[in-house]
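# Coordinate analysis (summary)
Below, each chain spelled out in residue letters.
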Amino acid sequence: MNKNLVIVGGGPAGLACAISAYDEGERDILILEREPELGGILNQCIHNGFGLHTFKEELTGPEYAYRYVKGVEERGIEYKTEATVIDVNAQKQVTYVSKRDGLVTIDAKAVVLCCGCRERPRGAINIAGMRGSGIFSAGTAQKLVNVEGLSVGKNVVILGSGDIGLIMARRMTFEGANVKAVVELMPYSSGLNRNIVQCLNDFDIPLLFSHTVVQVHGKGRLCGVTIAQVDENLRPKMDTAKYIECDTLLLSVGLLPENELAKNAGVVLSSVTGGGIVDDSMMTSQEGIFVCGNVLHVHDLVDFVSQESALAGQRAVQYIRNGAPNCEKITIETKNGIRYCVPSILKKDGDFTSALSFKMRVSNVFKKVTLTVFADGVVVLAKKRPIVTPGEMENVTFTPKQIEQLKTASSIQVSLEGVEK
Amino acid sequence: MKELICISCPMGCHLQVEGESVENIVVSGNGCVRGIIYAKNEITAPKRMVCGTVKINGATQPVVSVKTKEPIPKEKIFDCLAELNNTTIEAPVSVGDVAIVNVCNTGVDVVVTKGLSKR
Ligand SMILES: Cc1cc2nc3c(=O)[nH]c(=O)nc-3n(C[C@H](O)[C@H](O)[C@H](O)COP(=O)(O)OP(=O)(O)OC[C@H]3O[C@@H](n4cnc5c(N)ncnc54)[C@H](O)[C@@H]3O)c2cc1C
């Protein structure tokens, strides 16, 4: 089978990508989704807080997904559910399996990977103790409670104060559980502020910074955990160990981009984000293979996923029509507290007709700093920020004049200026 | 002065609030007008959206997600949840269908946030 554009994953990234590719004039599009329905992780995120930037109203996850699913259906864009992509190669051949079609290989002109993230498992954080039941990743618990209507536990400790952990602290409280503590290894939370306010403070749930779970107890079912404070090197101080009785431990210890497919296709990955290294058109090191959404880098706001993915869709269609411009590229360097920047490569004669923006994350909490972009050492853009935190993505958008400055530069740097040493 | 973190949107602006009554509240640090509205409400009459699930008969899944159409008084959250717990609706449902009218006498309806067809 041949297809112009194959999109792997039908979450918010895949949906926005497909819609924008269609609106750019492409009609030969196929979305492949392994779950029984489109919408991705949003289907289980039943809380509100999605879409304020895009729709100027606050939607729940399923409502946000519904708008995009409707957009796909209204345009008659082809999609297959319960179709799992098992391989993508450098020749842009996409192989999927489904009960209906069996094993199918598609020759695509362009492929966009929109596979999202999966949760870091318990194995990744090495807690001592028995392997009793009652230990869940927060996202799994979220699905069990919100979609399958099951009860997960009564007395709960949550490890990790990322958004999923915070959201689940409130959700479990709503379900009648007693959330005894949220335990966070770092001295700050990687979750959104408003989730700390709305999910913990509202219900007087303690948030213990610089603490971790050192042991889990219980043979059949979990009966308690031992927590301890950690020192500046994040090593537990055993003299501070404390036992908390609980039947459930939720792990919210981070997300990992699902990049197995990208790796097979030979896409070069970033050691910082775990996602592909992309240029300003969201294209990877493999010509014609694009990535966007959570598989590229973890987003806290779905609005930015949709924006980024719409751009990827548009650029993929331009690539199908015109091929890749054969031009010079500049690597965008990051320094002074900027952990990474997406894109990390700028094409010199790339098409920037729609606005160019950089998305980045910082490595620590900094106050009163200026996000600064330099071209050949000259300030192109400076954005003052009262506070930046690792949990919230930073974002700068360039004017046509600034873009011109960037394109003619031979080096580009992104930096946090005004950081107190 | 009181410090609040605005929760009207995911930006989480840090607000500084002076004064205690709606008339004399002065807000700074807000990114948009919603920050001012939030601070006023939070000081005088805090409200929250409640999102949860209700049981559904005859659908492809046993529960369906719902939300209060508007925020309700914070102190009514658990009464509202108790009502969600006691509610069962019938498939099919569409986004926006009313599951509970005027929940806990707040004047606010609870609406379905996900369409589910009949199994
Ligand atoms: C618990 C939680 C709370 C959140 N809260 C908020 C919030 O309040 N506000 C907000 O704006 N954002 C929030 N987010 C973030 C937002 O939901 C994500 O950024 C967004 O869903 C990412 O979209 P995506 O399409 O990249 O990934 P996903 O939604 O994960 O979608 C990826 C899709 O790809 C499919 N897939 C993967 N591999 C394959 C394969 N090999 N073959 C076929 N299909 C495949 C998956 O099944 C999935 O459907 C939250 C996220 C989580 C997890």
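Residue positions are given per chain, counting from 1 as you read along its sequence in written order. Chain labels run from A onward and ligand labels from 1 onward, assigned in the order the entries are written. Totals for whole chains, interfaces and linings use every residue, but because this is a predicted model, local features are given only for residues with pLDDT of at least 70 and side-chain atom pairs only at 80 or more, for both listing and counting. Neither water nor hydrogens contribute to the side-chain values; these are computed over all heavy atoms in the structure.

This paragraph deals with the domain arrangement of chain A. Residue and element names in this part refer to chain A. Domain extents, as shown, originate in an automatic or database domain assignment. When the domains of chain A are assigned, the result is domain 1 (1–118 + 255–324), domain 2 (121–253) and domain 3 (327–421). Values labelled buried area give the accessible surface lost by two parts on being combined, using a 1.4 Å probe and summing over both. Buried area between domain 1 and domain 2, both sides added, is near 930 Å², and the carbon and sulfur share of it is 52%. Together, Gln44, Ile46 and His47 form the three largest contributors to the area buried by domain 1 at its contact with domain 2, with a combined 52%. Put simply, a salt bridge is a Lys or Arg side-chain nitrogen that is within 4 Å of an Asp or Glu carboxyl oxygen. Joining domain 1 to domain 2, the criterion identifies 1 salt bridge. For Lys143, the salt bridge is made with Glu35, and the minimal N-O distance between the two is 3.7 Å. Whenever two N or O atoms come within 3.5 Å, that pair is a polar contact, provided that in protein one can donate a hydrogen and the other can accept it, and provided that, for residues adjacent in sequence, both atoms are side-chain atoms. Taken together, the connections running from domain 1 to domain 2 amount to 3 residue pairs in polar contact (both at pLDDT 80 or more).

The domains assigned to chain B are domain 1 (2–45) and domain 2 (51–112). Between domain 1 of chain B and domain 2 of chain B, the C-alpha centre-to-centre distance is 28 Å.

Here the focus is the packing of aromatic side chains. Residue and element names in this part refer to chain A. Stacked, tilted and edge-to-face pairs are distinguished by plane angle, under 30 degrees for stacked and over 60 for edge-to-face with tilted covering the rest, among Phe, Tyr and Trp rings (Trp via its six-membered ring) whose centres lie within 6.5 Å. A full pass over the atoms with the stated rule returns 8 aromatic pairs over all chains. Summarising the aromatic geometry, the rings of Tyr64 and Tyr68 are spaced 5.1 Å apart at their centres and angled 35° between planes, so their arrangement reads as tilted. Placement of both Tyr64 and Tyr68 in helix 3 (residues 61–74) is noted, with a separation of 4 residues, approximately one turn of the helix. For every residue, the accessible area obtained with a 1.4 Å probe (protein chains only) is divided by the maximum for its type, and the residue is called buried under 20%, exposed over 50%, and partly exposed between those limits. Residue classification places Tyr68 among the buried positions, given a relative accessible area of 13%. Relative to Tyr319, the ring of Phe290 has its centre 6.1 Å away and its plane inclined at 65°; by these criteria the two rings are edge-to-face. Only DSSP runs of H or I covering at least 4 residues are called helices, and only runs of E covering at least 2 are called strands; the numbering of each starts at the N terminus.

The contact definition used throughout considers only heavy atoms, calling two residues in contact when any of these lie within 4.5 Å. Taken together, the contacts link 32 residues of chain A with 29 residues of chain B. Between chain A and chain B the total buried area reaches about 2600 Å² when both faces are included, carbon and sulfur atoms providing 61% of it. Among the ionic pairs, Asp202 of chain A bridges to Arg48 of chain B, the shortest N-O distance being 2.5 Å. Among the secondary structure elements, those contributing two or more residues to the side of chain A that touches chain B are strand 3 (48–50), helix 2 (52–55), helix 3, helix 4 (138–146), helix 5 (163–174) and helix 6 (193–200) of chain A. The element contributing the most residues to the side of chain A that touches chain B is helix 6 of chain A, with 4 residues. Side-chain classes follow a simple rule in which Ala, Val, Leu, Ile, Met, Phe, Trp, Tyr, Cys and Pro form the nonpolar group, Asp, Glu, Lys and Arg form the charged group, and the remainder, Gly included, forms the polar group. Of the residues assigned to the side of chain A that touches chain B, the class counts are 12 nonpolar, 11 polar and 9 charged.

Residues and elements named next belong to chain A. Two strands make a pair as long as DSSP finds a minimum of two bridges between them. On the basis of which strands lie adjacent, the open sheet formed by 3 strands has the order 22-24-27 and antiparallel pairing. Bordering the open sheet on either side are strand 22 (338–342) and strand 27 (394–397), each of which pairs with just one other strand. Within the sheet, the average angular offset between the axes of one strand and its neighbour, ignoring direction, is 25°. Relative to strand 24 (residues 357–362), strand 22 is paired through 4 bridges, and the arrangement is antiparallel. In the sheet register, Ile338 faces strand 24, and the bridge partner there is Val362. Here an axis means a line fitted to C-alpha atoms, over the contact stretch when the element is a helix, while the angle between two N-to-C directions is reported on a 0 to 180 degree scale.

This part covers the sheet that holds strand 6 (residues 63–68) of chain B. Within a sheet, each strand pairs with its neighbour through backbone hydrogen bonds, oriented either parallel or antiparallel. Residues and elements named next belong to chain B. On the basis of which strands lie adjacent, the open sheet formed by 5 strands has the order 8-5-6-10-9 and mixed pairing. This sheet does not close on itself; its edge strands, each paired only once, are strand 8 (88–90) and strand 9 (98–100). Each strand of the sheet is rotated relative to its neighbour by a mean of 45°, with strand direction disregarded. The sheet contact formed by strand 5 (residues 51–57) and strand 8 spans 3 bridges and is parallel. In the sheet register, Ile56 faces strand 8, and the bridge partner there is Ile89.

Another point: helix 1 (residues 33–44) of chain B. Expected helix span is taken as 1.5 Å per residue step, with the number of steps being one fewer than the number of residues. Between its first and last C-alpha, helix 1 of chain B extends 17 Å over 12 residues, near the 16 Å set by a 1.5 Å rise per residue. When helix 1 of chain B is considered as a whole, its buried residues turn out to be Gly35, Tyr38, Ala39 and Glu42 of chain B. The buried residues of helix 1 of chain B occupy an angular sector of 100° when projected down its axis, which confines them to one face. Buried-residue contacts for helix 1 of chain B involve helix 6 of chain A together with strand 1 (2–5), strand 2 (14–18), strand 3 (26–28) and strand 4 (47–48) of chain B. In this description, one arc is meant: the one made by directions from the helix axis to the C-beta atoms.

Moving on, we come to a nonpolar patch on the surface. Patches draw on residues past 30% relative accessible area with no salt bridge. Two like charges within 9 Å are joined, as are two nonpolar side chains (Val, Leu, Ile, Met, Phe, Trp, Tyr) within 5 Å. All accessible-area figures derive from a Shrake-Rupley calculation using a 1.4 Å probe, and residue coverage is judged against the displayed protein chains alone. A grouping of Ile86, Val97 and Leu103 of chain A is seen on the molecular surface, where their side chains present a nonpolar patch of about 260 Å² in accessible area. Tracing the sequence through the fold places Val97 of chain A in strand 7 (residues 93–98).

What follows concerns the site of the ligand. All names here are of chain A. By convention in these notes, a residue is near a molecule or strand provided one of its non-hydrogen atoms lies within 4 Å of it. Around the ligand lies a shell of 33 residues, among which Ala13, Glu33, Ile41, Asn294 and Val302 are the nearest. Between the ligand and the protein, one listed contact pairs an oxygen atom with a backbone N or O atom of Ala13 at 2.9 Å. In this structure, Glu33 approaches the ligand through a side-chain N or O atom, which is 2.6 Å from an oxygen atom. Taken by itself the ligand offers 1000 Å² of open surface, and the protein chains cover 94% of this.

What follows concerns unusual backbone geometry. Of note, the bond from Val342 of chain A into Pro343 of chain A is cis; its omega dihedral lies within 30 degrees of zero at 0°. On the secondary structure map, Pro343 of chain A appears in the loop between strand 22 and strand 23 (345–347). A cis geometry characterises the amide bond from Ala91 of chain B onward to Pro92 of chain B, with omega recorded as 0°. Its place among the elements puts Pro92 of chain B in the loop between strand 8 and strand 9. Despite not being glycine, Leu234 of chain A shows a phi value in the positive range, around 65°. With respect to the secondary-structure elements, Leu234 of chain A resides in the loop between strand 16 (224–229) and strand 17 (242–245). Residue Leu234 of chain A is classed as partly exposed on the basis of its relative accessible area, which comes to 35%. For Lys368 of chain A, which is not a glycine, the phi torsion comes out positive at approximately 50°.

Residues and elements named next belong to chain A. Look at helix 1 (residues 12–23): 16 Å from first C-alpha to last across 12 residues, which is about the 16 Å you get at 1.5 Å a residue. Of all 12 residues in helix 1, 10 are buried, a share of seventy percent or more. Buried within helix 1 we find Pro12, Ala13, Gly14, Leu15, Ala16, Cys17, Ala18, Ile19, Ser20 and Ala21. Against the buried residues of helix 1 lie strand 1 (2–8), strand 2 (29–32), helix 3, strand 8 (102–113) and helix 8 (302–322). In the stretch just after helix 1, Gly25 is the one whose phi turns positive, near 115°.

All names here are of chain A. With their axes 7 Å apart at the nearest point, helix 1 and helix 8 run at an angle of 40° to one another. If you check the angle between helix 1 and helix 8, you find them oblique. The handedness of the crossing between helix 1 and helix 8 is right-handed. Packed against helix 1, whose contacting residues are Pro12, Ala13, Ala16, Cys17, Ser20 and Ala21, the element helix 8 presents Val302, Val305, Ser306, Ser309, Ala310, Gly313, Gln314 and Val317 at the interface. Comment on the angle field: the value is read as roughly parallel under 35 degrees, roughly antiparallel over 145, roughly perpendicular from 65 to 115, and oblique elsewhere. Left-handed describes a crossing in which the near helix is turned anticlockwise from the far one by less than a right angle; the clockwise case is right-handed.

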